[in-house]
Structures are given as C-alpha cells and as structure tokens.
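# Commentary on secondary and tertiary structure
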Amino acid sequence: MVSFIGIGIGIGIFSSSYKLEASNSQLLLISGGPLAVNWFNDFYKHIADSPLSHWLEVLPAQIASWQKEQQHGDFTKWIKLLSKLPEITPSSINLQNKVEFGHASDISEYAQKQVVGLLKQFMPWRKGPFHLFGIHIDTEWRSDWKWDRVQPHIQPLKNRYVLDVGCGSGYHMWRMLGEEAKMVVGADPSQLFLMQFQAMKHFNTDSRIHLLPVGVEQLPELKAFDTVFSMGVLYHRRSPIDFLYQLKNQLRKGGELVLETLVVEGNETTVLMPGERYAQMRNVWYLPSTAALTLWMQRVGFKNIRVVDVAPTSLEEQRATQWMDGQSLSDFLDPNDQSKTIEGYPAPLRAVLVAEC
C-alpha cells in the first residue's frame, strides 16, 4: 500500500490499484481555502485507475511542497476572486473551432459586467482567445492560429491521454479536449496561468481536463501519455537536450511528440544563442535551425521526425489588447526593419515538428 500527504492535508491511502479512500471529512482548510484542494483531489481520483496511476507515488507530495513553500503572494486573493464568479451553466459549449462557453443570453447584463470585472483581475491574459457568455477575452496571442497550423499534422486525439508541457492558461488544452481526448493534463508552474485556467473551468467543470502547477523537471518518467505537446518552451530551457529527454520520458512507446518552438534559418550546425535578451525576453537560450533541431531529436531517440510548419510571427498574431495592455511584439522588433528584433537578431520564426517515440 502507498500512503502519502497531499497539499498540506491528509489525502488518504491508496491500495495497489491506487483506489482513493479519503473522504471529504479528511479535507482541512489551507491557505486559499478548500477550493484549491479540490482541484488536485479531483485529479488524483481521476487518474487512480488510469495508465497515469503511478504518478500518485510522487505528485501529491510535490503539490504539498508547492502549497507550503512556493505559493505566489497574491494566491489567496486570487482564490477569493475565483470564489466570487457567479454560478452559471452555459447553454452550449464549443471546443471544435474556438473555446466558447455559453452565450450572452445566458446571463444578465449585471452578471456579465461582474464576470468581466473579476476576470480582468487576472490580467495579463496572454494565450487565447476565450469566448464566455458573450464576453470576448481578446488575449495577446491568437493561439487559435497556432492550433490551426498544428492540428492538421498530428495523430487524432480521440481517446488519447494528452500532456501539454508549458500549457499557459490552457487554451490549447481546451482545443485538445475538443478533439475528444480521453484526458488532457497541463503542466505549468505559473500560478497566474493556473488561476486563469480555473476561471474558465469554473464554467465548464469537465473532469477530463486538469492543470498542475509543476515544471517539466518535476515530472517522473511516466512513459504513459499517447501524445505530448510542448509549444513555446524549448527556447526557455538552458539544456534543450535534457528537455527533449524529459518530454520523451512522458510518452509511451509509439506515442507522439508535437514540438513547437522558435527557430532560425540554417543547416544542421546552425544554432543561435542570443545575448542577454532576445525580443526583450531575458530567458531565451537556444534557437536552432529546423535541421539542427531534427538532429537533436534523432540523438535523443525520436523517430519519423517531420517539420510540418514554419511561419514567422506576425503583428496580428501577437499584439497588445484590452486584456493584455503591456508591450508586445511591435515593441520588440526593430522599428526600421521588422525582419529583425530590437537587438538585431532574426525576428521570431516558429516551427512545428512532429515525431514518434
């Protein structure tokens, strides 16, 4: 039997099949209240009898450590804001060609203004867009455009266990669910993204989708997911080869990796390591050519590697909005030559590669 403590509370004891024995009476109040507790308890219950069940050997302790030592200073405030969202059941849910919950006719004008006011407390909204009861959350990124470039080239997600590493606020996770995935799990340490995801999930409590506040380095070698996505993460990793191994270790044999990242033009020896900043981002380490990245993936052990899309990031795809009113791509490019960043490097060029484990 495996016993463990989760999120600062006694969760319970799992048998060899990891069947959850804890009752609601065992849940204690923690910083932020029971709401956050239930998010993770629900996930534990849903993976207990799944190919992901062995994750329960380490995950609850990791979440407990996060709750105790790593919570953002605004976490309790954010939880209180979430609790003020009105209880409204959407008349329809569309995840096929957008992320849309309900229509304006589902709620009163007062409730709509209330929802807008609460959701704006979680700015900046970077990945989307979301449509919620007639409210258009016009995010910095048109993440739907990226999904349109990715989706035609991947294996059908129906009945698959899917992991999205560096999932942000979860926009693409909802689109994956729209493709009838059996379960979609997001991993991203940003607590603001967690709040944004939970704000959306408040209005669609589908048990097949979950976001965990963990980084890829905290993931054990699960070797259980049918599809792993990593979009917009590789260039933030100091060791891209180790990162590729970490992604591979999440996949079952024959599973599929969908990798999207910044690249540069060149051959298999071409890799750009920028100075202190790239497009005003401090934490950018390596931008390989697609040929170099293909070689890296081959060395790690991926097979059937295909470059399925290469596209520059346009000023229409990434821009400031009412939901993200800070600087955006137009501020990061050379005002006299938009083929270059403000630092003089090639402007953002993004590639999608698909490979088999």
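Since this is a predicted model, take the numbers as computed values, not measurements. (Residues numbered from 1 in each chain as written. Predicted model: local features only at pLDDT ≥ 70, side-chain atom pairs only at ≥ 80, totals over all residues. Heavy atoms only, no water.)

### So, the side chain of Glu 256
Rules: Helical segments are the DSSP runs of H or I of at least four residues, strand segments are the runs of E of at least two, and each set is numbered from the N terminus. For every residue, the accessible area (1.4 Å probe, protein chains only) is compared with the maximum for its type, and the residue is labelled buried under 20%, exposed over 50%, or partly exposed between those bounds. We call two residues contacting when some pair of their heavy atoms lies within 4.5 Å.
If you trace the backbone, Glu 256 turns up in strand β13 (residues 251-262). Using a relative accessible area of 5% as the deciding quantity, one classes Glu 256 as buried. Sequence-distant contacts of Glu 256, that is, excluding residues within four places in its chain, are made with Ile 154, Gln 155, Arg 160, Asp 226, Thr 227, Val 228, Leu 251, Arg 306, Val 354 and Ala 355.

### Section: the nonpolar core
As a reminder, the rule being used: By convention a nonpolar core is built from buried Ala, Val, Leu, Ile, Met, Phe, Trp, Tyr and Cys residues, the set being connected through side-chain atoms within 4.5 Å.
Counting 97 residues, the largest nonpolar core has Trp 55, Leu 119, Trp 174, Phe 229 and Met 297 as its most contacted members. Setting aside chain neighbours within four positions, we find Leu 119 in contact with Leu 85, Trp 125, Leu 132, Ile 137, Ala 199, Met 200 and Trp 323. The next biggest cluster of nonpolar side chains, apart from the first, holds nine residues, and it includes Tyr 235, Leu 272, Ala 279 and Leu 287.

### Let's talk about the sheet that holds strand β16 (residues 303-312)
Backbone hydrogen bonds hold the strands of a sheet together, and the pairing may be parallel or antiparallel. What counts, and what does not: One bridge is not enough; two strands pair if DSSP finds at least two bridges between them. Helix axes use the C-alpha atoms of the stretch in contact, all axes being lines fitted to C-alpha atoms, and the angles between their N-to-C directions lie in the range 0 to 180 degrees.
One open sheet accounts for seven strands, arranged β11-β10-β9-β12-β13-β19-β16; its pairing is mixed. Every interior strand has two partners, whereas the edge strands, β11 (209-212) and β16, have only one. Each neighbouring strand pair of the sheet contributes to a mean axis angle of 15°, computed without reference to strand direction.

### Observations concerning helix α6 (residues 171-178)
When you tally the buried positions in α6, you get eight out of eight residues, the bulk of the element. Buried within α6 are the following residues: Tyr 171, His 172, Met 173, Trp 174, Arg 175, Met 176, Leu 177 and Gly 178. Phi for Glu 180, located one or two positions after α6, is positive at around 70°.

### Thoughts on the side chain of Asp 164
Note the following rule: For the charge count, each Lys or Arg is scored as positive and each Asp or Glu as negative, with His and the chain ends excluded. In the sections that follow, a salt bridge refers to a side-chain nitrogen of Lys or Arg positioned within 4 Å of a carboxyl oxygen of Asp or Glu.
By the secondary structure assignment, Asp 164 is in strand β9 (residues 161-165). Of the side chains bearing the opposite charge, Lys 127 lies closest to the buried Asp 164, which forms no salt bridge; the N-O distance is 8.9 Å. If we skip the residues at most four places from it in the chain, Asp 164 touches His 172, Met 173, Met 176, Val 185, Gly 186, Ala 187 and Phe 229.

Keep in mind these values describe shape, not function.
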